[in-house]
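Letter by letter, the chains look like this.
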Amino acid sequence: MKTSNPVLSRLGQAAERERAAGYGPYGPAPQPGYGQPAYGDPYPTAAGYPSAPPAVQPMTLDDVVVKTVLLLGLTGISAVAAWNLIPNALIGPAWIGAALVGLVLGLVISFSRMANPALVLTYAVIEGVFVGMVSKAFENILGYHGIVLQAVVATFGVFFLMAGLYKARVIRATPKFIRGMIAVMAGLFAVMLINFVLALFDVNTGLRDNGPLGYIFSLVCIVVAALSFILNFNEIEEGVRMGLPQRYSWTAAFGILVGLVWLYIEILRLLSFLQGDD
């Protein structure tokens, strides 16, 4: 089936190859020459009657929901553990270390053609450490009391709002929308990376300061992060329609987790600006 999403197109082709190769839920179908029937031939049973070979289990919406909840729970537990176990003196190193490791893992998962549950689960744990350290820094070190709860509520509020808008088809993932979002997100990532490198050399661009430029940039990031969920929902919907293998639900859940963490951090930063003006 055709799709305007290039990533889903590649995954769909991979799914077709797997079905053609006879990849079942317990691995590839037995090949001829090893005392087993070839793929497509009847499988013998104890009674001597043929049975169908194992089929690839397709991904469902429930699969994605369950795995997303699992990843969020793991991220939350990791964040709480990091908050309570890592001392204040090590917040900075833990924050930076988790951010770098999470970035590398995220890129590996994103550019991999195979869904790897172990990598996705590890990413959730690392992101939990990152979120926990950022949250602790804003709440306890910088003194923005109550900001974490406000950011969590706002993050999930935005997520469910975008889910409602997508379901009602108020916002549609058209090919033009998808191309535009990919270009904007790539541009934002490049800007943030350059800003981070400049900050290492004590060059302040003002993008992350409590000022007009900082407000505008944070709002842009929040809007883009929110709209990125439309891409996630579209990928899930088309993935289910195309019959992608069940394990690709890990990739879909990973995409939602990435968007939620990004949105949470941006909302946390904006709320800190607003509280700082009080």
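Only a predicted model underlies this, so the values are computations on that prediction, with no experimental measurement involved. Residue positions within a chain follow its written sequence, with the count starting from 1. Given that the model is predicted, a residue must reach a pLDDT of at least 70 before its local features are reported, and side-chain atom pairs must reach 80 or more before they are shown or counted; all residues, however, enter totals for whole chains, interfaces and linings. Side-chain figures throughout are based on the complete set of non-hydrogen atoms in the structure, without hydrogens or water.

Trainee: So, the overall build of the protein: which residues are in play, and what are the values?
Mentor: Numbered from the N terminus, helices here are DSSP runs of H or I no shorter than four residues, and strands are runs of E no shorter than two. In terms of helices and strands, the protein carries 8 helices and 2 strands. Written out in order from the N terminus, the α and β elements of the protein read α-β-β-α-α-α-α-α-α-α. Each of the 278 residues in the protein was classed as buried or not, and the buried ones make up 40%. Residue contacts are defined here by distance: any two heavy atoms, one from each residue, within 4.5 Å place the two residues in contact. Considering only intrachain contacts with a sequence separation of at least 6, the fraction spanning at least 24 residues in the protein is 80%. Categorising residues by exposure relies on relative accessible area from a 1.4 Å probe, with only protein chains included: less than 20% of the type maximum marks a residue as buried, more than 50% marks it as exposed, and the intermediate range marks it as partly exposed.

Trainee: Can you tell me about helix 4 (residues 117-141), naming the residues and giving the values?
Mentor: Each α-helix winds once per 3.6 residues, and so residues spaced three or four apart point in a common direction. Here helix 4 is 25 residues long and its end C-alpha atoms lie 35 Å apart, about the 36 Å a rise of 1.5 Å per residue gives. A side-chain oxygen of the first residue of helix 4 lies 3.1 Å from the backbone nitrogen of Ala118; this N-cap is Asn116. Downstream of helix 4 by a residue or two, Gly143 has a phi angle that is positive, lying close to 85°. A helix is expected to reach a length of 1.5 Å times the quantity of its residues less one. Here a polar contact means two N or O atoms within 3.5 Å. Within protein one must be a hydrogen donor candidate and the other an acceptor candidate, and residues neighboring in sequence count only if both atoms are side-chain atoms.

Trainee: Which residues make up a nonpolar patch on the surface, and what are the values?
Mentor: On the surface, a cluster of nonpolar side chains totalling about 990 Å² of accessible area is made up of Leu103, Leu107, Phe111, Phe189, Leu193, Phe196, Val197, Leu200, Phe201 and Val203. For the nonpolar patch, the elements supplying multiple residues, two or more each, are helix 3 (91-111) and helix 6 (175-200). Relative to the elements of secondary structure, Leu107 occurs in helix 3. Patches here: salt-bridge-free residues with over 30% relative accessible area, like charges joined within 9 Å, nonpolar side chains (Val, Leu, Ile, Met, Phe, Trp, Tyr) joined within 5 Å. Working definition of accessibility: Shrake-Rupley area with a 1.4 Å probe, residue cover restricted to the visible protein chains. What makes a salt bridge here is a side-chain nitrogen of Lys or Arg within 4 Å of a carboxyl oxygen of Asp or Glu, nothing more.

Trainee: Now, about the environment of Tyr123: what can you tell me, with residues and values included?
Mentor: Structurally, Tyr123 can be placed in helix 4. Relative accessible area serves as the criterion here: at 5%, Tyr123 is assigned to the buried category.

Trainee: Quick one: what's the story with unusual backbone geometry, residue by residue and with numbers?
Mentor: Of note in the backbone geometry, Arg169 takes a positive phi value of approximately 60° without being a glycine. Among the secondary structure elements, Arg169 is positioned in the loop between helix 5 (147-167) and helix 6.

Trainee: Report on the environment of Thr60, specifying residues and quantitative values.
Mentor: Mapped onto the elements of the fold, Thr60 is located in the loop between strand 2 (27-28) and helix 2 (61-85). In this structure, the C-alpha to C-alpha distance between Thr60 and Gly243, residues 183 residues apart in sequence, is 8.4 Å.

Trainee: Any details on the UniProt feature "transmembrane region" (unreviewed entry) in the protein? Residues and values, ideally.
Mentor: UniProt positions are given in the numbering used here, feature names are shortened, and annotations may be inferred rather than shown by experiment. When the UniProt feature table is mapped to this numbering, "transmembrane region" (unreviewed entry) covers residues 64-86, 92-111, 118-138, 144-165, 177-201, 213-236 and 248-265. Here residues 118-138 is 100% helix and 0% strand, with 31 Å between the C-alpha atoms at its ends. Secondary structure across residues 213-236 divides into 100% helix and 0% strand, with the first and last C-alpha atoms of the span separated by 35 Å.

Trainee: Explain the packing of aromatic side chains to me, and be specific about the residues and the numbers.
Mentor: Aromatic rings from Phe, Tyr and Trp, with only the six-membered ring used for Trp, were paired whenever their centres fell within 6.5 Å, and each pair was classed as stacked if the ring planes differed by under 30 degrees, edge-to-face if by over 60, and tilted otherwise. Inspection of every chain in the model, using the stated rule, returns 8 aromatic pairs. Considering the side-chain rings of Phe159 and Phe229, the 5.0 Å spacing of their centres and the 85° angle between planes classify their relative orientation as edge-to-face. Here the residue Phe159 occupies a position in helix 5, and Phe229 occupies one in helix 7 (residues 212-242), the gap between them amounting to 70 residues. Of the residues examined, Phe159 reaches a relative accessible area of 12% and is grouped as buried. Of the residues examined, Phe229 reaches a relative accessible area of 0% and is grouped as buried.

Trainee: Outline the pattern of salt bridges, supporting the account with residue identities and numerical values.
Mentor: Summed over all chains, the structure comprises 3 salt bridges. Ionic pairing is found between Arg169 and Glu237, a salt bridge with its closest N-O pair at 2.8 Å. Separated by 68 residues along the polypeptide, Arg169 in the loop between helix 5 and helix 6 and Glu237 in helix 7 bring together distant segments of the chain. Residue Arg241 pairs with Glu238 through a salt bridge whose shortest N-O separation is 3.6 Å. Of this pair, Arg241 and Glu238 are both found in helix 7, 3 residues apart, which corresponds to roughly one turn of the helix.

Trainee: Describe the packing of helix 6 against helix 7, naming the residues involved and giving the relevant values.
Mentor: Each pair of packed helices can be described by the angle between their axes along with the distance between the axes. Lines are fitted to the C-alpha atoms to define the axes, a helix being fitted only along its stretch in contact, and any angle between axes, read from their N-to-C directions, falls within 0 to 180 degrees. Axis separation between helix 6 and helix 7 bottoms out at 10 Å; the angle between their running directions is 135°. The orientation of helix 6 relative to helix 7 falls into the category oblique. For the pair helix 6 and helix 7, the crossing hand works out as left-handed. From helix 6, Phe177, Ile178, Met181, Val184, Met185, Leu188, Val191 and Met192 reach across to helix 7, where they touch Phe217, Val220, Cys221, Val224, Leu227, Ser228, Ile230, Leu231 and Asn234. Counted by class, the contact of helix 6 with helix 7 contains 15 nonpolar, 2 polar and no charged residues. Any angle that is under 35 degrees is reported as roughly parallel, and any over 145 degrees as roughly antiparallel; angles of 65 to 115 degrees are reported as roughly perpendicular and all others as oblique. In this scheme the crossing of two helices becomes right-handed for a clockwise turn of the near helix relative to the far one and left-handed for an anticlockwise turn of less than a right angle. All residues other than Ala, Val, Leu, Ile, Met, Phe, Trp, Tyr, Cys, Pro, Asp, Glu, Lys and Arg, Gly among them, are scored as polar; the first ten of these are nonpolar and the last four charged.

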